[in-house]
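# Residue-level structural notes
Below, each chain spelled out in residue letters.
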Amino acid sequence: MPSSPDTAHLSLAELSHLLQRIFLGHGTSPAVAQVLADNCARAERDGSHSHGVFRIAGYLSSLASGWVDGQALPVVEDVASGFVRVDAANGFAQPALAAARALLVEKARSAGIAVLAIRNSHHFAALWPDVEPFAEEGLVALSVVNSMTCVVPHGAQRPLFGTNPIAFAAPREGGDPIVFDLATSAIAHGDVQIAARKGELLAPGMGVDSLGQPTCEPKAILNGGALLPFGGHKGSALSMMVELLAAALTGGNFSFEFDWSQHPGAQTPWTGQLVIVIDPSKSGGNSFAQRSAELVRQMHAVGLERLPGDRRYRTRAKSLAAGIPLPTAELAKLRELVI
Ligand code: NDP
Ligand code: PYC
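Attention here is on the structure that accompanies the text. (Residues numbered from 1 in each chain as written. Chains lettered and ligands numbered in written order. Predicted model: local features only at pLDDT ≥ 70, side-chain atom pairs only at ≥ 80, totals over all residues. Heavy atoms only, no water.)

### Let's talk about helix H5 (residues 128-136)
- Of all 9 residues making up H5, 7 are buried, and the element is well covered by its neighbours.
- Considered for burial, the residues of H5 that qualify are Trp128, Pro129, Asp130, Val131, Glu132, Phe134 and Ala135.
- Positive phi shows up at Gly138, right after H5, with a value of about 90°. (Buried < 20%, exposed > 50% of the residue type's maximum accessible area, 1.4 Å probe, protein only. Helix = DSSP H or I, 4+ residues; strand = E, 2+ residues; numbered from the N terminus.)

### Brief notes about the site of ligand 2
- Taken together, His51, Arg55, Phe124, Ser147, Met148, Thr163, Ala188, His189, Gly190 and Pro269 make up the full set of residues adjacent to ligand 2.
- Backbone polar atom of His189 to an oxygen atom of ligand 2: 2.9 Å apart, as the coordinates give it.
- Here ligand 2, which alone exposes 240 Å², has 93% of that area covered by the protein.
- Mapping ligand 2 onto the cavity grids shows that it belongs to the largest pocket.
- Residue classes in the shell around ligand 2 are distributed as 4 nonpolar, 5 polar and 1 charged. (Near = heavy atom within 4 Å. Polar contact = N/O pair within 3.5 Å; in protein donor to acceptor, adjacent residues only side chain to side chain. Areas by Shrake-Rupley, 256 points an atom, 1.4 Å probe, with all protein chains shown as cover. 1 Å grid on protein atoms, 1.4 Å probe; cavity = no way out; pocket = protein on both sides within 12 Å on 5 of 7 lines; lining within 4 Å. Sits in = over half its atoms within 2 Å of the grid points. Nonpolar A, V, L, I, M, F, W, Y, C, P; charged D, E, K, R; others polar.)

### Thoughts on the packing of aromatic side chains
- The final tally for this structure, using the stated rule, is 9 aromatic pairs.
- Their ring planes at 75° and their centres at 5.1 Å tell us that Phe258 and Trp260 sit as a pair that is edge-to-face.
- Taking relative accessible area as the criterion, Phe258 reaches 10% and is therefore assigned buried.
- With a relative accessible area of 26%, Trp260 lands in the partly exposed category.
- An aromatic cluster is defined as three or more aromatic residues linked by ring pairs; in this entry it consists of Phe23, Tyr59, Phe92 and Phe124. (Phe/Tyr/Trp six-rings, centres within 6.5 Å; stacked < 30°, edge-to-face > 60°.)

### Considerations on unusual backbone geometry
- We note that Asn90 has phi near 65°; this positive angle belongs to a residue other than glycine.
- Relative to the elements of secondary structure, Asn90 occurs in strand S3 (residues 83-92).
- The backbone of Asn164 sits at a positive phi, close to 35°, despite the residue not being glycine.
- By the secondary structure assignment, Asn164 is in the loop between strand S5 (140-145) and strand S6 (166-170).

### So, the nonpolar core
- Judged by nonpolar contacts, the single largest core of 27 residues is most densely connected at Val86, Leu104, Leu116, Ile118, Phe134, Val275 and Val277.
- At the level of elements, S3, helix H4 (93-111), strand S4 (113-122), H5, S5, S6 and strand S11 (270-278) are the ones that each hand at least two residues to this core.
- Element by element, the count of residues in this core is highest for H4, at 6 residues.
- Apart from the residues within four sequence positions on either side, Phe134 is in contact with Leu97, Arg101, Leu104, Val105, Leu139, Ala141, Val275 and Val277.
- Leu18, Val53, Leu60 and Phe124 belong to the second-largest nonpolar core, a separate cluster that totals 26 residues. (Core = buried A, V, L, I, M, F, W, Y, C linked by side-chain atoms within 4.5 Å. Contact = heavy atoms within 4.5 Å.)

Below you can see the structure in the form of structure tokens.
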């Protein structure tokens, strides 16, 4: 792949291989290393920078702290015609999803809908990689995951909720799946960290300082302050729903329930994740994928230029053509992490 003095360009396979070696050297099993490396490399490829290689340091410090088990073997339970449960065994959520995926799809195709409830899991990544592949197989998928206390519920005085993202994916005839993936906080915690590193201010309305006063200073949010939900009471209600579905329904921790203070360096939230998969072929009538293509046509007809997911798909296409751009200094730091 072409490179310049400041920027290297890696193929997805090259970046994934490098990350896999890093994870392996820092205590994960080969299977976990492969799943996390692929997830992280795909996020970087699509320009999901808050959950790409930026996250490697956090993964490694969590592993080193003993907070998360990089060797965990998820336990999959087939509990009902439309319900699969997984105990991630204090490991990462993505290997738990991978372990249950085939059973989940089989159930969604036979029952029309199936639920995957993952508990005792750590999710430190973007959520779209968990749902997009279902839509590529013609299924509709919705997933929620809760994180760590850093968001003040609307109308409250102190933080309680996590940044609690919701991701949705649906097939579309003749085009990429329709996918959105959004934190229910006004901004993802990862983007606050990135802004703090760059010395940039945030837009108004995203967070408060340690005294509960509105602030645009990311360091004030990170050092004792907190984030706000997006859209006031509406985002707050969605965040509450995520806590209920991802934690109460799965048997995982609420974002406020775990205590990582005895594990300095721990950064991965120990919570739960819910995935709902629907087979739209069961609905009868016109093909769902044709209907979603029609909806997109009509949205464009009224002037819409950007669908959720479009920026990622464009970035993905560029990365596939020219390689995934990485600052050479960052690539050098990653290479130093290979043990
Ligand atoms: P953004 O606000 O950047 O984007 C949210 C969604 O809106 C995306 O689907 C995006 O599409 C779309 N979008 C953005 N701008 C526009 C626009 N102008 N017009 C149409 N669509 C638009 O994401 P967040 O900051 O909320 O979240 C970032 C990431 O952080 C997510 O991947 C999320 O899963 C992750 N996260 C993970 C957590 C965890 O616990 N694991 C916790 C919180 C967040 P596109 O992608 O194409 O830009
Ligand atoms: O960016 O808010 C976030 C986040 C929390 C956990 C993983 N990412």
